[in-house]
Structure formats: C-alpha cells, structure tokens
Amino acid sequence: MKIYGDKEVWLVTGSQHLYGPGVLKQVAENSQKIAAGLTESANISIKVVAQETVKSPSEILAVAQAANSNPNCVGLILWMHTFSPAKMWIAGLSALSKPYMHLHTQFNAELPFADINMHFMNLNQSAHGDREFGHVSTRLRQERKVVVGHWATESVQKQIDSWCRVAMGWHASQNLKVARFGDNMRQVAVTDGDKVSAQIKFGYEVHAYGLGDLQKVVDAVTDAEVAAQIETYKKEYDVNPAIFDDEHQFQMLKNEARLELGMLKFLTEGEFGAFTNCFENLTGLTNLPGLATQRLMQQGFGYGGEGDWKTAAMVHICKVIAKGREGGSSFMEDYTYHFGAVDQVLGAHMLEVCPSISAAKPKLEVHLHTIGCRNDIARLIFTGKAGPALCISLIDIGTRFRVIINEVDTVNPPQELPKLPVAKALWEPRPNLEVSAAAWIQAGGAHHSAYTQGVTADEIVDYAEMAGVEALVIGADTTVRNFKTELRHNAAYYHLKDGVYALISL
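Residues numbered from 1 in each chain as written. Predicted model: local features only at pLDDT ≥ 70, side-chain atom pairs only at ≥ 80, totals over all residues. Heavy atoms only, no water.

*Asks:* I'd like to hear about the side chain of asparagine 30, residue by residue, with values.
*Replies:* The residue asparagine 30 is located in helix α1 (residues 20–40) in this model. Judged by relative accessible area, asparagine 30 falls into the buried class, the value being 3%. Once residues lying within four places of it in the same chain are set aside, the contact partners of asparagine 30 are His81 and Phe107. (Helix = DSSP H or I, 4+ residues; strand = E, 2+ residues; numbered from the N terminus. Buried < 20%, exposed > 50% of the residue type's maximum accessible area, 1.4 Å probe, protein only. Contact = heavy atoms within 4.5 Å.)

Structure below.
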C-alpha cells in the first residue's frame, strides 16, 4: 500500500471524438498503463488512478465535479494524449476546486523513425495538444504545476511525487483543525492574525479553548496509564536514572506523561491536527508542557508556541508532505546568533522542539523552567541533524498572507553545549546571515518558523500557489536589493490580483 493509504490522484487524459474508436481505445489503454506504472513505481508515494478519457465539455465537467466531491481524490494530473480543443476544458477547469498538475509527456519515449506514419502522429500528439491545453489554463489565470518529460523516467516521477505530496498537504490544510489552549502571548503581533481570512485561504479552522476544558481531560488520565507511558519513555529515550531516584523529578515526569495523554485524547477526539499553548496562560495545568508537546509533534501534530496558530498549521502540513521521507519537521525559533568566520543561528525554544529532527537518541531530563512559570519540567534534549533544511514563516500582513522560506544548512556545533538544557539546532542561512536576516526582516518574517528537513522550497512554493498567496525564497542567489524589488513588485501584483480581478469577477 502507498504511504498515503486510500488517498489518490486522478490521471485525466484529454482527446476528442474526431479520432474515432480505434485511436480512443488505444488512448484509454495507454492511460491505464501510465497510471499503473506510476502507482507501481517506488518513486511515487500515492495511488494514481486513470479516469475515462474525456472527449467533450460535458465529460470534462463531469470528471471535475466527481473529483470535487470525492474525499479520497486529492488532486488531478491532466494530460492530452492527442489534440483536445481547449475550449472544451473551460467549464470543467472553472468548476474544479481540487489542485491539478499538467503533465506534458507522451506514452512512447522514442520515435520509431523507420515506421512512423500519420496514424502514429495523430495518436501521439501531446507536443501540441498540451500546448493548446496550457493556453486556456493561462487564459483562466490558473496556478498549476507543469512537469515535462517522459512519464517513466525517474526525474519526472520524482517531480510528480513532489507535487502529489503537496496536494496531500493541501488536502490536509483543507481539513485541518487547530486547537488553541489559551490565547496569544500578550502584546505580540506576528503570532496573531485573521483566522477567518486564513480559513478562507488555506481551509483550516482555528478554535480556542479555555485551560479548564483541557484540565478536565488531563485530570481524568489514570495512574496506570501514566505508568505505562513512562515505560514507553524508558524504551525510546536515554532517560537520566536520577529521575527515578528523586521523588520530585519522578513526579515531574509523571506530570508530563499525564499532560501528554490528556492532550492526545483531547486532540484525537476533537479531530485536531495541530495545537498551540502559551506560557502566560497555564491556569489549571501543572506546568507548561515540554516533553508532552515534543512527543505530540513527533506523532504528527503541528505546534506553535505562544498561541502561534499559523506556525502550528504549517508544521503539520510539512509533516504531511514529508511523510515517509528522511528528515523531520518541528516548531522552531531563531534564538541567538554566533558571529564568527561563518555567521550562524542557534535555533531552539523554551522546551518545544520535535525529536524528529534529532541527530541521535534524545536524552530525557528534568530541568528548571523560568519563563512564564517557575517549574521543573521534563523535556527531551538533543541537537538537530546536520544537512539542508528550511525555515518557513507564514505571516498575515493585513490585506493578505505571505509565505517566507529561508534555505539553510544545519551543522554540527563546534563544541558541546552542556549548560543548555533544551533541544536545539545550529544552522548557516543561505546565502549568509547578513543577507538572509535582512531579507527576512524586510519581508516581515516571524521569529517562529516551521523548520523542516523533509520538504523542499519548491514544494512550499507549490503549496502557496495552491492557496493563491505570495511565496518568497531566500536562498544562495538572494541579494537584498533584488529581494526588496521583488517585494515591491509582489505588492503591486497581489493588490491587482486580489483587488481588481476580484472586482471583475463580481
């Protein structure tokens, strides 16, 4: 079974009645073979299902409507095996609410030069059938991914898989619920925002709960359940033996197990995929969840500190896109800098960094926490795995949303950090800290981010395009001058796109 279970992407092939039953029969057979080949490929993470060849406006509209209403269909791959006059596609594409990728391929890889005739030419004419289709997609001003090349090659299949993963992320976004335990950190701007506009753009719902709602569920966790959970900790982590010899520390660990089980029950029963909390709002709880939050993230939940629901949602979406891949995803914060021969960023948070990014088996220890509440709290301590990563910030800039992506290279710290009792990652932002930080600040990026080593910048750009929002990449080629120009151009574009175009549509 594919890693996304019963979810699927539909392969919809375009043709027309002009070619007669013989050609159309071959088109249908070839489409089935392509779908089966993609599904069987180890490069593809989701099932690809061929639909009936569409040959008329009514058939195209029908398959679009069927895709819209099918909960297992997360997107469509559209391909023109023959010429398919694109005015036939206008009604269907206009009605389609699922994302689609345009695959510019053909069934055969090589031309049979010695035997090629007009029958072969009429059957295999994606070269101009797809251009006709692309024209009307552009006329409709529709964002879509275009992948070019033979469908059986590894490079094309990996591009298809990348888009399918983003379609799964978009599906998750459309069905996501975020629970906010408490409110936003007081006086903080960037973690707040317009939750109604976010639901319109990204699909996810954000619901607030008082701490008393959570406390009831946490308090109902039994001592037996707590004891069983602690046995799990012993198996999965390097637990400091002093915790079990010290009554106070052991109680702190039991507090964390109870919090984790209670929060898991609350989130699961409420069908939430992400959550937030705030160290300023803990009434009724024993402490700010540390280990509990880390483990919930490791299980796939998104998280945002201090009420940061946008980052919580993005962390969950990254985890969905990266499912089955090497490299984890976590809530993160740019905490402090190392200015040296190569400037570096030490990322961390008070407690809540996901162990999916760890380079080694995490240590479980109890240490004093002094921000917002003064408590000894159990937490996992580790260093992030070296390698390429992204820091992603979704922000609300008042009239619209913006996604900022910084490509970074995580490195091993040159020395141990024995007195820092939190999980952390050390990275070198591209192209360097001077440019990346200036560009990030110019764009209004948050101090929080979704940190991931399992998702590419192109995939986050694809996600932003599905949502119709701005995406900015800070990478090796970025300069502050060009970046500021891009910001100005984007401001004009999105003002026209969301303003004038919207008025025209009315």
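*Asks:* Break down the packing of helix α11 (residues 247–269) against helix α12 (residues 291–298) for me, with residues and values.
*Replies:* Contact pair α11 / α12: the axes reach a minimum separation of 8 Å and the direction vectors enclose 40°. Relative to α12, α11 is oriented oblique. Handedness of the α11/α12 crossing: right-handed. Counted together, Leu253, Glu256, Leu259, Glu260, Met263, Leu264 and Leu267 of α11 and Leu291, Ala292, Thr293, Arg295 and Leu296 of α12 form the full contact between these two elements. Grouping the constituent residues of the contact of α11 with α12 by class yields eight nonpolar, one polar and three charged. (Axes fitted to C-alpha atoms, helices over the stretch in contact; angles between N-to-C directions. Parallel < 35°, antiparallel > 145°, perpendicular 65-115°, else oblique. Left-handed = near helix turned anticlockwise from the far one by under 90°. Nonpolar A, V, L, I, M, F, W, Y, C, P; charged D, E, K, R; others polar.)

*Asks:* Describe in detail a nonpolar patch on the surface, supporting the description with residues and values.
*Replies:* Together, Leu111, Phe113, Ile116, Met118 and Met121 make up an exposed nonpolar region whose accessible area comes to about 520 Å². With respect to the secondary-structure elements, methionine 121 resides in helix α4 (residues 118–123). With a relative accessible area of 42%, methionine 121 lands in the partly exposed category. (Patch = residues over 30% accessible without salt bridge, like charges linked within 9 Å, V, L, I, M, F, W, Y side chains within 5 Å. Areas by Shrake-Rupley, 256 points an atom, 1.4 Å probe, with all protein chains shown as cover. Salt bridge = Lys/Arg side-chain N within 4 Å of Asp/Glu carboxyl O.)

*Asks:* Mind laying out the state of the cysteines, listing which residues take part and the relevant values?
*Replies:* One pass over the structure, following the stated rule, counts zero disulfides. In this structure cysteine 354 is a free cysteine whose sulfur lies 12 Å from that of cysteine 318, the closest cysteine sulfur available. Looking at cysteine 354, the relative accessible area reads 0%, which means it is buried. (Disulfide = S-S within 2.5 Å.)

Note that every value here comes from positions in space, so none of it alone points to a role or purpose.
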